[in-house]
Structures are given as structure tokens and as C-alpha cells.
Amino acid sequence: MADTIIHCTNVHKWYGHFHALRGIDMDVARGEVIVIFGPSGSGKSTFIRTINRLEEHQRGTIVVDGIELTHDVRNISAVRSEIGMVFQSFNLFPHLTVSQNITLAPIWVRKWPKEKAEEIAQQLLVRVGIPEQSDKYPGHLSGGQQQRVAIARALAMQPKIMLFDEPTSALDPEMIKEVLDVMIGLAKSGMTMLVVTHEMGFARAVADRMYFFDEGLVIESGTPNEIFEQPREDRTKLFLSQILVH
Amino acid sequence: MERPPLTAVGPLGWLRQNLFNSWLNASLTLLLALVLYGLGRGIIPWIFGEANWRVVSSNLGLLSWGRYPVEQAWRLGLALGVIVVLSVISWRASRLPAGARLRRLSLTGWLISPLVVGVLLRGLKLPTAATVVNSLGYYLYRPELLPLLEQEWRAPFAVVMLGTLVGLTWSIYADRRRRILSGLAALALLGLLLPLGLQPEELLPGLAPPRMLKLLAFLAAALLAGRSLGRSLSGAEGLRRSMLPAWLLLPPLLVLLLTGFDVGVDSVAPSEVLLLVEPTVWGGVLLTLVLATVSILASFPIGVLLALGRRSELPVVKWICVAFIELVRGVPLITILFMAQVMLPFFLPLELTLDRVVRAMAGLTLFTAAYLAEIVRGGFQAIHREQYEAARALGLNELLVTGLIILPQALRTVIPPMMGQFVSIFKDTTLVTFAGLLDLLAVAQSVIKQREFLGLVREVYLVSAVFYFVISYTMSRASRQLEKRLGVEERAT
């Protein structure tokens, strides 16, 4: 691919004796939106967590924006500051206000002056649709609002890549849309995104390619059209029929 | 609008709901009322009638500050005043938004308050310029290295050296560096001439009055000489580079020349600004409060560091911390206090002698720190793994993850047990009696042995009990307030 930003070859990961990732290959181009789906325990979360090295892979190579992930600590923090991550359970810092949550890393890692960081935080809060909540604590916000703050927090570092680990799974149904809308806007702005999700509407709307994971392997990958209209593998068909029933 | 029945609201309703809401509760209430009445009937008439409070009022000074000299007691009042004023300021500041000037002021105030209070309580000896010169000479050189220069020529020679160097520097450097260096030189001159002027006559026999005038003449000549020397050599790079070493070499050389290392001269002893009152004569409430405050303040950072060390991935750090914590926790406090008195001097250099009070402080501090470390460790365990991951994913390094995300949350969750430990160590300061210190309880026990007040045990003990209770209860309330301020409940993970 012309402009590859993530390059994974033969990635393996074991938890003790459990073989969680069994040789994943994936190339992601700049500006691509990738949706990863599959049954629970299929290794999809584990895989995207190896990309910012929250999990270490034990075999294979992962190259992010030209830097290979190894045991070198400096590499890891350099890579992490270029990758934003949004978690299933939001993971905002409960002891800090919304504004402090967002400005923390820009001030301490990027060494921006406080005023600049706060200004950008305010712009991001406008972008995710909650400009008036900046002085509240996360505990005072709804789940959907917390997840949008988490997205703003990740964006504040001006990352090149955004990882989403089941961002809507912990949300009440009426809040899922507000988070997905923000993500769709982000995808359309040209952000490189890896999204673990079962929101097939989102996948259809913005995904460039989809990967179906099962038992630590990529079973099938292709454009949303290929996956939804003519899945090749039986397992993919079965899984899709199970989640699309609802 | 219809009013609710009288038995549901108001005092009657409250009584009904809280004290008489069932047969069991009603009978318990009555029983308790009876007990309280019985107690009150005994104690209240005693407090206001039979008790002889003169035992407390005539020993008030002893109970408050032990053998602290009475004519210096104003310093204790002043120290108390400092703390009260600071408390009022921070109370006002707590209502202002973060970053307000008053808040910064109160923080700075608290940070320097230990020094101020310490100086007020203990007194202060200040070294004079002459003592500094003396001590420098004593520690840097040995007397046998004295040059063979005649004594009367030493001071003029020193001045000439300094002057020449100033002149040289002046002519070599231009602009800002010249101004800085000449300012330094002026300071050095002042520092030299003042103690020289103050030195007793016999130290500098060659310089009978008006010696300053003579020295000034030497100085002027030297300045001129240095300047012309610098001009004639201007452009030489080596000279420029040797300026800094020359300046660095000058002070020790001057000390060497001027003092001749006559150390231990009586007239250059440190001057007492505030009369020294050694902690060994402190006692009563003063000693109790000082011991508790110092051990609480000092144990907090040590405890946090121990807790962090225990989680460290470096095995040596980890095992040292574990060993310390478990060792201290496995020994009774009284044993630690004895050990601190007896063993501590073994671990310290010979010149450093600690008095009994400081040794007791060290014992109490180490004891509290070990317990705090375990409490803080509990706080760490309460933090979800996801908080680490979220912080790391933002690119924070391990130090920032711990300092900005984990530690603040961990400390916040352990405020109640931490305060409990502080209250407990406050009460445990009474054990220093056994190390020979006269804290409030020890003074109380000696008061009741006075001949004129023999047998007035209850009065004295009641007063000390009330003191301990008031302080402990205040600490508990403060802990609740702190929890509320930090929103421990509402800002939970």
C-alpha cells in the first residue's frame, strides 16, 4: 500500500498457555477506517491493544508510523503519544474535571502552555457536542457524555491514529447514537481509525475495510459491501446472522 | 393546604421516629436515659462543687509547656498566633477559585510555617561574618599550611590581590558580564572588609587604626594596576579563560591570608538572636503537640515513599521497603521508642548528637510511616487497572502515571484510615513518658504528687482527657471535611 501507517505481520500473543493471537497480518493506510468484529474472546480487543502496546506481542512485528514496537521504552511512549485510545468503560480520571482530563497529557507530555491546552480542550468539547460541561467531574456526566469526553481527551494529543475498543458496548441504547455521530464525524475528517465494534450501521456508513476475528485469527476481511453482501466463510455468515437479527 | 399530623413532623415526630419507634427501642431509650441521669447526678455536682480546680489553675504553666522558661513563653503564644492566622487565611482562601492569589499566599505561608514556628520554639543562633570566615578556614585548611608571610602584611596583601583581580576583570570584559562581576567584587570586598574591621586588634597587629583607610589606599592602587595590566594584555584569549579559576581561587586564598586560621576565637562565636531553649526542657501540652505534629508531617511523605517502594519493580528497593515495614510493624511502639533512644546514635556520625526529644520524634515518625505505607498500599489496590491503561495510552510515562493519576486517587480513598492512624499516633505520644520525656500525661502525674495537691487525681486526669478528646475529635472532623472537599464519594471511579 502506498502510505501505510500501521504494518503488522504474523502477530502472536499468549496469555500463559492460552494462544490469544495466532498470527495476525494487517496493513492500514493513512486515513483508513477499519472495523474489527467477531465473537467475544476472539482476540480483537487484544489485537488493537498491541498496537499501542498496552499488551505486548510475543512474536511478529508491529510497525506504527515507521517505529517498530520493541522493548525500548522511549519508542513506546513516542508511539503512544501519536495514538489516541477510547475504551469500553470510558476510563476518565474521576479526580479531575472534564477540562483537566483533556488538558493533562497535552500539558505534561506535549509541554503545551496551560492556556493553549485549555483553548484546544474547549474547541474539542464543542466538536463532541458538550461545550458547557468543562468544569464538571466525570461522575456528574451521563455515559454518553463521558465517552465523548474520552474521545476529546484522546484527540487533544492530536494523534495520527485513533483506536476504539468497543466504545458503545457499555452505553444505554439512547446514548449510543451520540457517540457514533462523533465517531462518524471523525472518520469523515480523514482520521485513521481502528474500531472494535458490533455497530454494523457504523461499519456500513464509514468503514473502508472490515476484519472478522475468531479464535485469534483473521477469518475474513474485505469492504463492508463484500462482508455484508457476499461473505465467503460460513463462520462469518453465522456470526453476522446472529448479530443482525436484532 | 392540609398540614401533616403533629406526630409526623417537628420534635414530637422526631422523637417518635428515632427513639420510640418500637417497643424494644422505647425501652432502650428509657434505660439509656436512666444511665445518663445516674452518671450526671454524680459528675456534674462534683465538677461544679467538690472538685478543687486550683490544682490545675496553679499548675497551668507546667501543664502547658513544662519547664519552658516563663519569660520566654510569649514565643509560644506568637507561634500559636502564626498558626491561627494561617488557618484563618486558608479558611478564607478555600472559598476562592483555584489559582487565586490568597490561595497561593496561604500555601506559601504553610510551607514556611514549620521553619518560623521551629525558630520561635527553639530559638536561633546566627553566625556572624567572622564565624563564617573562621569556620571556612577551619574546615578547608590545616594550620600547618600557613604561609611564611609576616602577619602584618597579610591583610594588605589580600586586598591587593582582590583589587588587582577586579581591575583585570573590569578591563577584560565588557557590557553585562562586567556589571555582574563588578557587583560580585563589591560584595566580596564588603564581606572582607567588614569582618576585618570587626576583628579584634591583636589579630591584625600591623593594622592599627585607621586601618580601613590604609586598606582602601591599597585597594585603589591595586584596582588601577589591575586595569592597566588588563589593558596592556587585552586580546589574550588565555587570560580571559583564566579569569574564572582566578575568581574561584580568590576566596580561599583570602581566608588563608586574613585569618591565619586562628579558629575558636571567643569574640567570633555565633550571636543568639532568640534565646536557645533546647527541646529537652519542653513539656506538657507543648511537647505533646510538637511530637504529634512533627511525626505526622514527617511520616506522611516517608510512608508514601515506602508504599511506592514496595510496589517497585526493582527487587532491592522493594525488599528494603518490605523489610522495613514488616520489621517496624512487628514491634510494639514502646520498643521502638526505647530503640530510638538507645540505638539511633549508633547510626549517626559522631558530631551529630540528637537530644532525647528528636530521638523520640524519629521513633514515632518511623513507626507511623510503616503503618501509613500499608494504608497507602491499600489505596493503590483500590485503583482499577483501566486507570493505568488510560493514562499510559495518553503517552504519560510511569512517573507521571503514578504522580498525576494513581497517587492522588489512592491517597483520596485512604483519608479515613490515614486520619485514624494520625489520631492514634497523637494519643500514643503519651508513651514517650517511658523514654523520660515529660509530655502532658507525665506532667499530670507529677502534678498530683505535689504535697499541697495530694489526692487531687480526678481533676488533673479529667483535664488531660478532655484535651486529648478535643484534639482527636477535631482531627476526625477535619478528616470528614477534607473528604467532602475532595468529593471522595461523588467522584468515585
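Every residue gets a number counted from 1 within its own chain, in the order that chain's sequence is written. Key to labels: chains lettered from A, ligands numbered from 1, both in the order written. The model is predicted, so local features are restricted to residues of pLDDT at least 70 and side-chain atom pairs to those at 80 or more, both for listing and for counting; the totals for chains, interfaces and linings are taken over all residues. Computation of side-chain values: all heavy atoms of the structure, hydrogens and water removed.

## Brief notes about the overall build of chain A
For step 1, the next point in the chain: Looking only at helices and strands, chain A has nine helices and 10 strands in total.
For step 2, the next point in the chain: Each radius of gyration reported is based on C-alpha atoms, and the globular scaling rule is 2.2 Å times the count of residues to the power 0.38. Relative to the 2.2 N^0.38 estimate, which gives 18 Å for 246 residues, the radius of gyration of chain A is 18 Å and therefore close to what a compact globule would have.
For step 3, the next point in the chain: Each of the three principal axes of chain A carries a C-alpha extent, and together these read 55 × 45 × 35 Å.
For step 4, the next point in the chain: Accessible area is worked out with a 1.4 Å probe on protein chains only. A residue is then buried under 20% of its type maximum, exposed over 50%, and partly exposed in between. Counting across all 246 residues of chain A, residues that qualify as buried make up 56%.
For step 5, the next point in the chain: Looking at chain A alone, contacts between residues at least 24 apart form 66% of all its contacts between residues at least 6 apart.
For step 6, the next point in the chain: Accessible areas in this description were obtained via Shrake-Rupley with a 1.4 Å probe; residue shielding takes into account the shown protein chains only. Approximately 10,600 Å² of chain A is accessible, and the part contributed by carbon and sulfur atoms is 49%. Helix and strand definitions here come from DSSP, where helices need a minimum of 4 consecutive H or I residues and strands a minimum of 2 consecutive E residues; each element is numbered from the N-terminal end. Note on contacts: a residue pair is in contact if any heavy atoms of the two residues lie within 4.5 Å.

## Notes on the side chain of S312 of chain B
For step 1, the next point in the chain: Take S312 of chain B: it is sitting in the loop between helix 13 (284-310) and helix 14 (315-329).
For step 2, the next point in the chain: For S312 of chain B, the contacting residues outside a window of four places in its chain are V317 and K318 of chain B.

## Some points on the interface of chain A and chain B
For step 1, the next point in the chain: Of the residues lining the interface, 25 residues belong to chain A; the matching set on chain B comes to 21 residues.
For step 2, the next point in the chain: For the pair chain A and chain B, the summed buried surface comes to about 2,000 Å²; carbon and sulfur atoms form 66% of the total.
For step 3, the next point in the chain: In what follows, salt bridge is the name for a side-chain nitrogen of Lys or Arg lying within 4 Å of a carboxyl oxygen of Asp or Glu. Across the chain A-chain B interface, the total number found is one salt bridge.
For step 4, the next point in the chain: Across the salt bridge formed by R49 of chain A and E389 of chain B, the nearest N and O atoms sit 2.4 Å from each other.
For step 5, the next point in the chain: The term polar contact refers here to a pair of N or O atoms within 3.5 Å; inside protein, the definition further demands a hydrogen-donor-capable atom paired with an acceptor-capable atom, and it admits residues adjacent in sequence only when both atoms are side-chain atoms. Summed over the shared surface of chain A and chain B, the number is four residue pairs in polar contact (both at pLDDT 80 or more).
For step 6, the next point in the chain: Of all elements in the fold, only helix 2 (73-80), strand 6 (83-86), helix 3 (98-108) and helix 5 (143-155) of chain A reach the threshold of two or more residues within the side of chain A that touches chain B.
For step 7, the next point in the chain: If you tally residues by element for the side of chain A that touches chain B, the top one is helix 3 of chain A, at three residues.
For step 8, the next point in the chain: Here the residues of the side of chain A that touches chain B are counted per class, giving 14 nonpolar, eight polar and three charged. Throughout, the accessible surface (probe 1.4 Å) given up by two parts as they are put together, summed over both, is called the buried area. Amino acids are sorted into nonpolar (Ala, Val, Leu, Ile, Met, Phe, Trp, Tyr, Cys and Pro), charged (Asp, Glu, Lys and Arg) and polar (every other residue, Gly among them).

## Focus: the sheet that holds strand 1 (residues 4-15) of chain A
All names here are of chain A.
For step 1, the next point in the chain: Pairing between two strands is assigned when DSSP locates at least 2 bridges connecting them. With antiparallel pairing, four strands are arranged side by side in an open sheet as 2-1-4-5. On the outer flanks of this sheet lie strand 2 (18-29) and strand 5 (67-68), each paired with one strand and no other.
For step 2, the next point in the chain: Relative to strand 5, strand 4 (residues 59-64) runs antiparallel, the two sharing two bridges. Following the sheet pairing, V64 is matched in strand 5 by I67.
For step 3, the next point in the chain: Orientation is described by axes fitted as lines to C-alpha atoms, over the contacting stretch for helices, and by angles from 0 to 180 degrees between their N-to-C directions. Along the sheet face, helix 1 (residues 44-51) touches strand 1, strand 2 and strand 4 and points at about 60° away from the line of strand 2.

## Observations regarding the packing of helix 17 (residues 385-393) of chain B against helix 18 (residues 398-413) of chain B
Residues and elements named next belong to chain B.
For step 1, the next point in the chain: One can describe the packing of helix 17 onto helix 18 by two numbers: an axis separation of 10 Å at closest approach and a directional angle of 140°. Classed by the angle they form, the pair helix 17 and helix 18 counts as oblique. In this structure, the crossing between helix 17 and helix 18 has a hand that is right-handed. Every residue of helix 18 that contacts helix 17 at Q387, Y388, A391 and R392 is listed here: E398, V401, I405, I406 and Q409.
For step 2, the next point in the chain: By residue class, the composition of the contact of helix 17 with helix 18 is five nonpolar, two polar and two charged. Working rule for angles: under 35 degrees goes down as roughly parallel, over 145 as roughly antiparallel, 65 to 115 as roughly perpendicular, anything else as oblique. Here a crossing is called left-handed whenever its near helix is offset anticlockwise from the far helix by less than a right angle, and right-handed whenever the offset is clockwise.

## Observations regarding the confidence of the model for chain B
All names here are of chain B.
For step 1, the next point in the chain: For chain B, per-residue confidence averages 80 on the pLDDT scale, and 76% of positions sit at 70 or higher.
For step 2, the next point in the chain: Mean pLDDT values for the elements of chain B range from 55 in helix 7 (residues 129-140) up to 95 in helix 14.
For step 3, the next point in the chain: The quantity known as pLDDT measures the predictor's confidence residue by residue, on a range of 0 to 100. Within the model, the stretch residues 137-148 combines pLDDT values under 50 with 13 contacts to residues more than four positions away or in other chains.
For step 4, the next point in the chain: Across residues 261-267, where pLDDT falls below 50, the model places 12 contacts with residues more than four positions away in sequence or in other chains.
For step 5, the next point in the chain: Here the predicted complex scores 0.75 on pTM and 0.92 on ipTM.

## Considering the packing of aromatic side chains
For step 1, the next point in the chain: Note on aromatic pairs: the rings of Phe, Tyr and Trp (six-membered ring only in Trp) are paired at centre separations within 6.5 Å, and the planes decide the class, stacked below 30 degrees, edge-to-face beyond 60, tilted for the rest. Under the defined criterion, the tally for this structure stands at 10 aromatic pairs over all chains.
For step 2, the next point in the chain: Relative to W53 of chain B, the ring of W46 of chain B lies with its centre 5.9 Å away and its plane at 65°, an arrangement referred to as edge-to-face.
For step 3, the next point in the chain: By the ring-pair criterion, three or more aromatic residues cluster together here, those being F37, F212 and F239 of chain A.
For step 4, the next point in the chain: For R204 of chain A, the ring lying beneath its charged end belongs to F228 of chain A, and the centroid distance is 4.2 Å. We count a charge as sitting over a ring when the NZ of a lysine or the CZ of an arginine lies within 6 Å of the ring centre and within 35 degrees of the ring normal.

## Digging into the sheet that holds strand 8 (residues 192-196) of chain A
Residue and element names in this part refer to chain A.
For step 1, the next point in the chain: Pairing within the open sheet is mixed, and its six strands lie in the order 6-7-8-3-9-10. Of all strands in the sheet, those bounded by a partner on one side alone are strand 6 and strand 10 (217-222). Pairwise comparison of adjacent strand axes, ignoring direction, gives a mean angle of 15° for this sheet.
For step 2, the next point in the chain: Both strand 6 and strand 7 (residues 161-165) contribute to a ladder of four bridges, which runs parallel. Bridge pairing in strand 7 links V86 to F164.

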